[in-house]
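An overview of the molecular structure
Read off the chains here:
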Amino acid sequence: ERSRAEHGALLQQCKQTGAEAARLDGEPRNEELEVELSSFESTLAETSEGLEVARGYAGNEKHAKGLQKAIDSLGGTWRKRKRSCMEFLLNMDEATDGKVDFKKCLKGEGAIDIDSDEMAIEGAVQFAQRKRPKVLSSKGTGQAGPKSDANFVGVKLGAGGRPERVFL
């Protein structure tokens, strides 16, 4: 009886050793892994060289400066138009002795119906909040530059007269 138990234990151990050998045989060997590693390293080196070439391309910097110049130009035109519209509303408020109220006009409740940037953005935010389900999101990724974002609503003039993006 004891020899049968030993025989069964040895047979089980033999099966386990055979399964382990089959598993190890299916895994890549050190030589294969070294070849694969060297191919990955060469691909990484080629990609790094291409990246350095792309970073050094003068056209990228020139394009970025051109975009910034266009943004500044459009922002200046926007500020000029907004200032002249605000001056017109203030003059109307003074000339009509309060019948055309400046603040009510900006809110869209006055005698002159105006679609201001603030009202358009407020309407877009309200619409988006009704339309979209409430989902927690992480704002402020810390990355600079313009990025595509599903929470983007519009652009308004900030306190310094610079265009600012408005998000949900």
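Higher on the page you've got the structure.
Quick caveat, the model's predicted, so the values are computed rather than measured.

We now examine the overall build of the chain. Looking only at helices and strands, the chain features 5 helices and 2 strands. Counted from the first residue to the last, the chain has its helices and strands arranged as α-α-α-α-α-β-β. For the chain, contacts bridging at least 24 residues in sequence account for 36% of all contacts bridging at least 6. When the accessible surface of the chain is totalled, it reaches about 14,200 Å², and 56% of it is carbon and sulfur.

With that settled, consider the pattern of salt bridges. Here the structure, examined in full by the defined rule, presents 1 salt bridge. The partner of Glu-20 in a salt bridge is Arg-23, with the nearest N and O atoms 2.6 Å apart. Separated by 3 residues within a single helix, Glu-20 and Arg-23 lie in helix 1 (residues 2–26), roughly one turn from each other.

What follows covers the environment of Ala-128. With respect to the helices and strands, the residue Ala-128 is situated in helix 5 (residues 117–131). On the basis of relative accessible area, Ala-128 is assigned to the buried category, the value being 15%. Separated by 23 residues in sequence, Ala-128 and Asn-151 have C-alpha atoms that sit 8.7 Å apart.

For the rest of this paragraph, the subject is a nonpolar patch on the surface. On the surface, Phe-152, Val-155 and Phe-167 cluster together into a nonpolar patch covering about 230 Å² of accessible area. With respect to the helices and strands, the residue Phe-167 is situated in strand 2 (residues 163–167). Since its relative accessible area comes to 36%, Phe-167 is described here as partly exposed.

Here the focus is the side chain of Lys-82. Tracing the sequence through the fold places Lys-82 in helix 3 (residues 58–95). On the basis of relative accessibility, which here comes to 18%, the residue Lys-82 falls in the buried class. Apart from residues lying up to four places away in sequence, Lys-82 is in contact with Asp-117, Glu-118 and Leu-157.

Within the fold, Cys-85 resides in helix 3. For Cys-85 and Ser-116, which are 31 residues apart along the polypeptide, the C-alpha to C-alpha distance reads 9.9 Å.

Attention now goes to the side chain of Asp-93. Relative to the assigned elements, Asp-93 resides in helix 3. In this structure Asp-93 touches Gly-98, Val-100, Asp-101 and Phe-102, once residues within four positions along its chain are discounted.

Once that is clear, we can look at the pairing of strand 2. Pairing of strand 1 (residues 152–157) with strand 2 involves 5 bridges; the strand directions are antiparallel. Note on strand 2: the bridge partner recorded for Gly-154 is Val-166. The antiparallel hairpin formed by strand 1 and strand 2 contains 5 residues in its connecting segment, where Gly-161 sits at a positive phi of about 80 degrees.

Rules of the game
- Residues numbered from 1 in each chain as written.
- Predicted model: local features only at pLDDT ≥ 70, side-chain atom pairs only at ≥ 80, totals over all residues.
- Heavy atoms only, no water.
- Helix = DSSP H or I, 4+ residues; strand = E, 2+ residues; numbered from the N terminus.
- Contact = heavy atoms within 4.5 Å.
- Areas by Shrake-Rupley, 256 points an atom, 1.4 Å probe, with all protein chains shown as cover.
- Salt bridge = Lys/Arg side-chain N within 4 Å of Asp/Glu carboxyl O.
- Buried < 20%, exposed > 50% of the residue type's maximum accessible area, 1.4 Å probe, protein only.
- Patch = residues over 30% accessible without salt bridge, like charges linked within 9 Å, V, L, I, M, F, W, Y side chains within 5 Å.
- Pairing = 2+ DSSP bridges.

Purely geometric numbers; function is a separate question.
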